[in-house]
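# Secondary and tertiary structure notes
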Amino acid sequence: MINKQTRPLPNHIRKLNFWMVIVMLIIIVILHYPEYLHFWAPFEKSSWITWLTRHTLERVLLLVPITYASFIFGLKAGIICTILSLIIMLPRALLLSSYKIDDIFETLGVIVVAIVMNYWFYLNNQNIAQRKRAEELLSRIVDGTTIPTFVIDINHKVTHWNTAIESLTGIKRKDIIGTSAQWRSFYKEKTPVLADLLVDGVSEKEIAARYGQSCHRSPLIEGAYEVERLFPDLSPNGKWLSFTASPITDSGGAIVGAIETLIDITERKDAEENLKFYLKAITKAQEEERKRIARELHDETAQNLIALLHQLENLLNSRAQLPLKEAQSLWKFYEQIRDILQEVRQFSRDLRPSILDDLGLLPALEWLADDLKVNYWVETSLQVTGKERRFSPEAELLLFRIVQESLRNVAKHAKAEHAIVKVEFADSKIMVTVTDDGIGFQIPDKLATLPHIGKLGLTGLQERVQLLGGELSIKSEPNKGTTVLVEAPV
């Protein structure tokens with residue numbers, strides 16, 4: 001004999017919520033048709049039931065199981081419950097009621113309200129389902145990445161904390177989910193961290209004011225910000241971390257949270273420091289070599305040329321009876337040597353002007369402006385604001401080279417008629433601006449591409465600004481001139 005395996009009941013039938021809906025419908029049926037239920041007969045004429053004779057309340061009560069079914073089981077259950085409610089109401093409204101028109105309108109009204117409620121719950125459930133799917137997807141992404149990552153909600157509470165950031169910070173997921181104090185203390189900031197600012201809707205200007213130049217918009221993620229910071233407590237020598245805070249928005253574009261990733265960039269920072277040290281050493285060696293060559297040109301080459309000029313002059317004076325043709329040739333030779341001497345002196349000053357070492361930055365910049373005016377016919381002025389002061393010889397030399405290279409570009413390429421050098425002394429920094437009214441040029445999107453397009457002079461500017469620890473900004477458009485701005489802490 002073969003035992004037939006019985007099929008299990010559907011899951012929803014085994015739930016208490018299903019039987020609660022059934023019980024509510026049964027109770028409303030009893031209230032709707034009491035005259036056909038013998039056990040209800042003693043109560044038909046009681047005073048407390050007389051106000052139910054129109055059965056309006058029972059029709060309205062049918063919205064309770066409809067709403068409950070739609071909320072618990074979804075749209076399909078709500079529609080089924082609405083159809084059952086219509087079946088319950090129609091016999092009374094069409095056959096038994098003394099107020100057929102009123103009852104039919106009431107029945108239709110209940111059905112319309114039920115349909116609207118079903119649709120509203122359907123949309124709400126869809127939104128909830130979408131949020132759950134988004135949460136699950138976000139959890140898989142955060143937990144699956146090896147990059148230290150965490151997520152906060154609109155109330156700054158941590159909602160996700162992956163294994164990688166556990167290893168980085170030493171803070172366990174179970175101790176931080178749903179809290180905000182620990183992840184803020186990890187940053188050791190008196191002000192809220194960047195993710196806080198995004199969630200709070202702080203403006204870009206306020207973010208820049210709070211974080212300074214270390215904070216900038218992410219070039220890859222719209223609306224995200226990046227900051228690089230040193231965390232001294234993460235290792236004996238500290239660790240550099242680059243953290244990116246990206247806003248999480250809902251379908252309406254409102255920010256509902258932020259996701260933050262942290263990347264260890266210590267090796268990159270070490271490489272940058274090594275490169276900076278190497279560049280500084282090369283620049284120092286280059287300047288020393290310039291100084292040596294300039295001294296040799298001034299002390300030896302120029303002096304030899306001066307001696308040769310004196311000899312030629314004495315020769316011409318002592319041989320007054322020389323033939324005219326020979327005398328003219330000697331004078332031409334004399335003039336050529338004099339021009340060469342002038343070029344050697346100019347070359348020596350360009351290599352290392354003694355005025356910079358003797359008098360300082362501003363007189364040297366004034367000399368550059370005068371030289372551009374005399375030799376290249378570009379009307380050039382020097383404007384100084386703020387309280388003047390001297391800087392270290394290295395800083396003054398770098399600033400001088402920056403202005404020198406900028407004015408050299410004006411002389412060689414700009415075809416300008418006017419140029420202005422502005423020096424602004426601030427409390428903890430100096431700003432130098434070189435502006436011309438020349439032909440300008442098209443600036444590339446990234447200054448790092450300057451060497452590839454042949455802008456080696458501008459590349460030299462950028463390297464010297466980096467040695468100063470400052471920022472370089474270049475503004476230029478074809479036929480609209482060029483402005484070079486250098487801002488450096490000194």
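Scroll up a little and you will see the structure.
These numbers were taken from a predicted model, which means no experiment stands behind them. Every chain begins its residue count from 1, and numbering advances along the sequence as written. In keeping with the predicted nature of the model, local features appear solely for residues at pLDDT of at least 70, side-chain atom pairs appear and are counted solely at 80 or more, and the whole-chain, interface and lining totals rest on all residues. Note that the side-chain values use all heavy atoms of the structure and ignore hydrogens as well as water.

### Some words on the overall build of the protein
We count a stretch as a helix when DSSP gives it H or I for four or more residues in a row; a strand needs E for two or more, and each element gets its number in order from the N terminus. Each helix and strand in the protein was counted, giving 16 helices and 11 strands. When each of the 490 residues of the protein is scored for burial, the buried share is 37%. Taking the intrachain contacts of the protein between residues at least 6 apart in sequence as the baseline, contacts between residues at least 24 apart amount to 56%. Surface exposure here means Shrake-Rupley accessible area, sampled with a 1.4 Å probe, where a residue is shielded only by the protein chains that are shown. Element-wise, carbon and sulfur atoms account for 58% of the exposed surface of the protein, whose accessible area totals about 30,400 Å². Think of it in three bands: residues with accessible area under 20% of the maximum for their type are buried, residues over 50% are exposed, and the middle band is partly exposed, with areas taken using a 1.4 Å probe on protein chains only. When checking whether two residues touch, look at their non-hydrogen atoms; a contact exists if any pair is within 4.5 Å.

### Things to note about the sheet that holds strand E3 (residues 215–217)
We call two strands paired when DSSP finds no fewer than two bridges between them. The sheet built from 6 strands is open, its strands ordered E2-E1-E6-E5-E4-E3 with antiparallel pairing. Every other strand in the sheet has two partners, leaving strand E2 (158–161) and E3 as the edge strands with one partner each. Strand-to-strand twist across the sheet, computed as the mean angle between neighbouring axes with direction ignored, equals 20 degrees. Where strand E1 (residues 149–153) and strand E6 (residues 255–264) come together, 5 bridges link them in antiparallel fashion. Each residue of the ladder has a partner; that of isoleucine 152, found in E6, is alanine 258. Only the stretch in contact is used when a helix axis is fitted, and all axes are lines through C-alpha atoms; the angle between N-to-C directions ranges over 0 to 180 degrees. The strands that helix H5 (residues 100–144) touches are E1, E2, strand E5 (239–249) and E6; relative to E2, the one it contacts most, it runs at about 45 degrees. Contacts from helix H11 (residues 266–318) reach strand E4 (225–231), E5 and E6, with the element oriented near 125 degrees to E5.

### Remarks on the pattern of salt bridges
When a carboxyl oxygen of Asp or Glu lies within 4 Å of a side-chain nitrogen of Lys or Arg, that pair is called a salt bridge. In total, this model carries 14 salt bridges according to the counting rule given. For arginine 173, the salt bridge goes to aspartate 143, with nearest N and O atoms at 3.8 Å. Placement of arginine 173 in helix H7 (residues 173–176) and of aspartate 143 in helix H5 is noted, with a sequence separation of 30 residues between them. Between arginine 292 and glutamate 296 there is a salt bridge, with the nearest N and O atoms lying 2.7 Å from each other. Here arginine 292 and its partner glutamate 296 are both found in helix H11, 4 residues apart, which amounts to about one turn of the helix. Given the relative accessible area of 35%, glutamate 296 is considered partly exposed. What emerges from the salt-bridge pattern is a single network uniting Arg59, Asp103 and Glu106.

### With respect to the packing of helix H3 (residues 63–73) against helix H4 (residues 75–96)
Contact pair H3 / H4: the axes reach a minimum separation of 7 Å and the direction vectors enclose 160 degrees. Between H3 and H4, the interaxial angle falls into the category roughly antiparallel. The two elements H3 and H4 meet at a crossing, and its hand is right-handed. Mapping the contact onto sequence places Pro65, Ile66, Ala69, Ser70 and Phe73 in H3 and Leu75, Ala77, Gly78, Cys81, Thr82 and Ser85 in H4. Gly counts as polar in this scheme, as do all residues outside two lists: the nonpolar Ala, Val, Leu, Ile, Met, Phe, Trp, Tyr, Cys and Pro, and the charged Asp, Glu, Lys and Arg. Taken together, the residues of the contact of H3 with H4 break down into 7 nonpolar, 4 polar and no charged. Orientation categories follow fixed angle ranges, with anything under 35 degrees roughly parallel, anything over 145 roughly antiparallel, 65 to 115 roughly perpendicular, and all other angles oblique. Here is the rule for handedness: rotate from the far helix to the near one, and if that takes an anticlockwise turn smaller than a right angle the crossing is left-handed, while a clockwise turn gives right-handed.

### Observations regarding a nonpolar patch on the surface
Patches here: salt-bridge-free residues with over 30% relative accessible area, like charges joined within 9 Å, nonpolar side chains (Val, Leu, Ile, Met, Phe, Trp, Tyr) joined within 5 Å. A grouping of Leu75, Ile79, Ile80, Ile83, Leu84, Ile87, Tyr119, Tyr122 and Leu123 is seen on the molecular surface, where their side chains present a nonpolar patch of about 790 Å² in accessible area. Contributions of two or more residues to the nonpolar patch are made by H4 and H5. The element best represented in the nonpolar patch is H4, accounting for 6 residues. With a relative accessible area of 47%, isoleucine 80 lands in the partly exposed category.

### Details of H3
Taken residue by residue, H3 has Leu63, Pro65, Ile66, Thr67, Ala69 and Ser70 as its buried positions. Turning to H3, the residues buried within the fold contact helix H1 (16–32), helix H2 (56–61), H4 and H5.

### Brief notes about H11
Expected span of a helix, by definition, is 1.5 Å for each gap between consecutive residues, and there is one gap fewer than residues. Taking 1.5 Å per residue, 53 residues should reach 78 Å; H11 reaches 75 Å between its end C-alpha atoms and fits that length. For a residue, the bend is simply the angle between two axes, fitted respectively to the seven-residue segment ending there and the seven-residue segment starting there. At leucine 297, H11 shows its largest bend, some 35 degrees.

### Remarks on the packing of aromatic side chains
The criterion for an aromatic pair is that two Phe, Tyr or Trp rings (for Trp, the six-membered ring) have centres within 6.5 Å, with stacked assigned to planes under 30 degrees apart, edge-to-face to planes over 60 apart and tilted to the rest. For the structure on display, the rule yields 7 aromatic pairs. Ring centres of phenylalanine 150 and tryptophan 161 lie 5.3 Å apart, and the angle between their planes is 40 degrees; on these two criteria the pair is classed as tilted. With phenylalanine 150 in strand E1 and tryptophan 161 in strand E2, the pair connects residues that are 11 residues apart, well separated along the chain. Ring-pair connections join several aromatic residues into one group, and the members of that group are Phe71, Trp120 and Phe121. For a lysine, the NZ atom is tested; for an arginine, the CZ atom; a charge sits over a ring if that atom is within 6 Å of the ring centre and within 35 degrees of the ring normal. The ring of phenylalanine 231 has arginine 229 sitting right over it, with the charged end atom 4.7 Å from the ring centre. Over the ring of tryptophan 240 we find lysine 269, and its NZ or CZ is 4.5 Å from the ring centre.

### Quick look at the packing of H1 against H4
Running from N to C, H1 and H4 point in directions that differ by 10 degrees, and their axes come no closer than 11 Å. In terms of orientation, H1 and H4 fall into the roughly parallel class. Of the residues in H4, those touching H1 at Val21, Leu25, Val29 and His32 are Cys81, Leu84, Ser85, Ile88, Met89 and Arg92. A class-by-class count of the residues in the contact of H1 with H4 yields 7 nonpolar, 2 polar and 1 charged.

### Quick notes on the environment of leucine 330
One can find leucine 330 in helix H12 (residues 324–351). Exposure remark for leucine 330: the relative accessible area of 21% places this residue in the partly exposed category. Through-space distance from the C-alpha of leucine 330 to that of leucine 316 is 7.7 Å; in sequence the pair is 14 residues apart. Other than its neighbours up to four places away in sequence, leucine 330 contacts Leu312, Leu315, Leu316 and Leu322.

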